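This is what each chain is made of:
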Amino acid sequence: MGGLLAASGEECLFIVLALDNLDHLEIVAPVGVPARLRDLVGACIVAECPAGTVLARREGRQFVIMLPGVDASGAVRLADRLIRAVPRCRIEAGGRHHAVTARIATVSTALACPRTPERVLQLADAAAVLARSRVSGPGTVFLKGDTALAAVELAARHLLDLPAALEQGRIHLCAQEIVSLDPEPGGAREYEVLMQLVDEDGRLHAPGSFIDGAEKSGLIELLDRSVISTALLGHADILQRARNVRLSLNLSGRSISSPDLWPFLQDVIGRSGVAPARIQFEITETAAILDLPVAQQTVRSMRAAGCRVALDDFGAGLSGFAYLNSFELDGIKIDGALIQKLTDPESVETAVVSTLIALGRRLGLEVVAEHVSTEPALDVLRAMGVGKVQGFLLGCPKNLRQVLDAGANSV
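Keep in mind the model is a prediction, meaning the values are calculated, not measured.

Engineer: How would you sum up the pairing of strand 1 (residues 13-19)? Please name residues and give values.
Structural biologist: Across the seven residues of strand 1, seven count as buried, placing the element largely inside the fold. Residue alternation in strand 1 divides its side chains into two sets, Leu-13, Ile-15, Leu-17 and Leu-19 and Phe-14, Val-16 and Ala-18, and both sets are buried. Pairing of strand 1 with strand 6 (residues 102-108), which is carried by seven bridges, proceeds in the antiparallel orientation. Among the inter-strand pairings, Val-16 is bridged to a residue of strand 6, identified as Ala-105.

This is the structure:
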C-alpha cells in the first residue's frame, strides 16, 4: 500500500466494504462456511473491480479496496455494484443457502494525516463504523470531509478512556434547571444532573461523544451508577442543607433492566439521607430495555419508595409509546429534537409536540419540554400548555456543587 500511496499523488479514493450478519452466520452455519463465504466475497470483489484497483486488506469482515485513477462518480458506481453483488455470493451447506449483505463507505486518502498505510487503515476502520451506523439497510456512504470520521475516532478514544475515567473520578457532574411555567411560591427548584468526561489533559467533553458507545458496550451501567453515587453520596452533606432542591437522574434502558439496580439505589438513597421525594429517575429512550418485567418491578419499587419516574427523550422513537402502557409514570420529557421547529405552525414537529403535551395532560403526567433555546419556542410551548421547560434559554448547565451551594444558601 505504501508504494500505491506514493504513486497516487495527492488523492486516491478507496472503498471500505464491511460484511453484515457474519457473526450470526458463525452461530448457525456449519463450521467453515463463514470463511468460505469471505473467500467467495473476496473473489467477487476482484471480479467486479476495474483493472488497476488493489485489494489492500482483507481481514475479518472488512475489505479495503484502493482505487487509483478512479474518480468519485466511478467509485460510487463500483460501490453500488458491490452492494448488489455481495448478497449473490451464496454457499449451500447443511441443506441451506448462506449469504450476507454489506455496508460500504467510500473515502479519500486525502483525509489521512499523515498519509501512511497505517493511517489509511485506521481511517478505513472509522469509515466502516460510520457505514454501519448511518445506513438502516445495505447501502453506501460517501465521505467527503473529515468531520464525521473525526467524531468516530474521538468517540473510540473516549470509550476506551471511560473505565479509567470512572476509576479516577474524571466524570464531571453539572446540573441544568427544569423550570416550571407556573411556579408555586417557595416551591422546590429542580435540576437534571448531567455529565461530562474530563480527558487526561483536563479537557471537558460532552456526553454525546461517549454515551452511544457506552450503551452498546454495557459500560453505561457502570456510568449510570457512578453518576448516581457521586450525585447523592458525594454531595450528601450539602443536599442535607439544600432541602429545596430536587434532582433528576438518568438511567439507561440497560441499567433499568438489571435486577440488582433497585437494591443498589435503595442503598445509595438510604446512605445519602436524601428524601426519596426529592429524587426523580429519567428512563432514557436511546437504548432498548432488555428485560421489561425486571424494569417494571424496579419502577414500581422506585415509586413505592417515594421517588418519581419519568420517560426521557419521549417522541424520539416508537418505544416511548409502548412504555407509557408498560410503566406507572409521573412524567414525560419531550425529545429536544422536536422542539427546534416549533416556530413553524405548519411543521410536523409542532403538530407532534402539541399532541404529546395533550396526551401527557390527559394521562395525568407532568410534561417537560427539553432543549428550549428561543423565546418564540417558549411562547409556543406556553400556549400549548406545557408544564415545565428546560434548555439554554432558561439556563446553561452549571457545576453541580455550585448549584447545590446556591440552593443551600437560599434556604
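Engineer: Please set out the pairing of strand 8 (residues 171-180) residue by residue, giving values where relevant.
Structural biologist: The side chains of a regular strand alternate, residue by residue, between the two faces of the sheet. Both strand 8 and strand 9 (residues 189-198) contribute to a ladder of eight bridges, which runs antiparallel. Counted as the bridge partner of Ala-175 is Val-193 from strand 9. As paired elements, strand 8 and strand 17 (residues 398-399) share two bridges and run antiparallel to each other. Bridge assignment links Cys-174 to a residue of strand 17, and that residue is Asn-399. Where strand 8 and strand 16 (residues 388-389) come together, two bridges link them in antiparallel fashion. Looking across to strand 16, one finds that Val-179 is bridged to Val-389.

Engineer: Give a detailed account of the packing of aromatic side chains, specifying residues and quantitative values.
Structural biologist: Given two aromatic rings, one states the distance between the centres and the angle between the planes to describe the pair. As enumerated under the stated definition, the model contains two aromatic pairs in all. With 5.7 Å between their ring centres and 65 degrees between their planes, Tyr-323 and Phe-327 make a pair best called edge-to-face. Of the two residues, Tyr-323 and Phe-327, both sit in the buried class. One residue, Arg-225, lies across the ring of Phe-264, its end atom 5.0 Å from the ring centre.

Engineer: Can you tell me about the side chain of Ser-252, naming the residues and giving the values?
Structural biologist: Mapped onto the elements, Ser-252 comes out in the loop between strand 11 (245-251) and helix 10 (253-256). On the accessibility criterion, Ser-252 (2% relative accessible area) is buried. Polar side-chain contacts of Ser-252 include one of 3.1 Å to the backbone nitrogen of Ser-255. Ignoring any residue separated from it by four or fewer positions in sequence, one finds Ser-252 in contact with Glu-215, Ile-220, Asp-224 and Thr-284.

Engineer: Explain the layout of surface pockets to me, using residue names and the numbers behind them.
Structural biologist: Volume-wise, the largest pocket comes out at about 860 Å³. Residue lining of the largest pocket: 33 residues in total, with Glu-192, Leu-194, Pro-207, Asn-250 and Asp-312 positioned closest to the centre. Elements represented by at least two residues in the lining of the largest pocket include exactly strand 8, strand 9, helix 7 (211-217), helix 8 (219-232), strand 11 and strand 13 (308-314). Looking at the lining of the largest pocket residue by residue, the class counts come to 14 nonpolar, 12 polar and seven charged. Of the pockets and cavities examined, the second largest pocket occupies roughly 530 Å³. Lining the second largest pocket are 19 residues, and of these Val-129, Val-152, Ala-155, Ala-156 and Asp-212 lie nearest its centre. Of all the secondary structure elements, the ones that give two or more residues to the lining of the second largest pocket are helix 5 (117-134), helix 6 (147-168) and helix 7.

Cut-offs used in this document
Each chain has its residues counted from 1, running along the sequence as written. Per-residue local features are limited, in this predicted model, to residues with pLDDT of at least 70; the limit for side-chain atom pairs, both in listing and counting, is 80 or more; totals at the level of whole chains, interfaces and linings are taken over all residues. For the side-chain quantities, the full set of heavy atoms in the structure was used; hydrogens and water were omitted. Accessible area is worked out with a 1.4 Å probe on protein chains only. A residue is then buried under 20% of its type maximum, exposed over 50%, and partly exposed in between. Each helix is a run of DSSP H or I of at least 4 residues and each strand a run of E of at least 2, with the numbering of both proceeding from the N terminus. A pair of strands counts as paired when DSSP detects no fewer than two bridges linking them. Aromatic pairs are defined between Phe, Tyr and Trp rings, using the six-membered ring for Trp, whenever the two ring centres lie within 6.5 Å; interplanar angles under 30 degrees are classed as stacked, those over 60 as edge-to-face, and all others as tilted. Whether a charge sits over a ring depends on NZ of Lys or CZ of Arg being within 6 Å of the ring centre and within 35 degrees of the ring normal. Any pair of N or O atoms that falls within 3.5 Å is considered a polar contact. Within protein, one atom must be able to donate a hydrogen and the other to accept it, and sequence-neighbouring residues count only if both atoms are side-chain atoms. Residues count as neighbours in contact if any of their non-hydrogen atoms are within 4.5 Å of one another. In this analysis, the protein atoms alone were mapped onto a 1 Å grid. Cavities are point sets where a 1.4 Å probe fits without being able to get out; pockets are open sets with protein on both sides within 12 Å along at least five of seven lines; lining residues have an atom within 4 Å of a point. Grid points are joined across faces, edges and corners, and a volume is the space filled by probe spheres set on the points. Residues are grouped as follows: nonpolar covers Ala, Val, Leu, Ile, Met, Phe, Trp, Tyr, Cys and Pro; charged covers Asp, Glu, Lys and Arg; every other residue, Gly included, is treated as polar.

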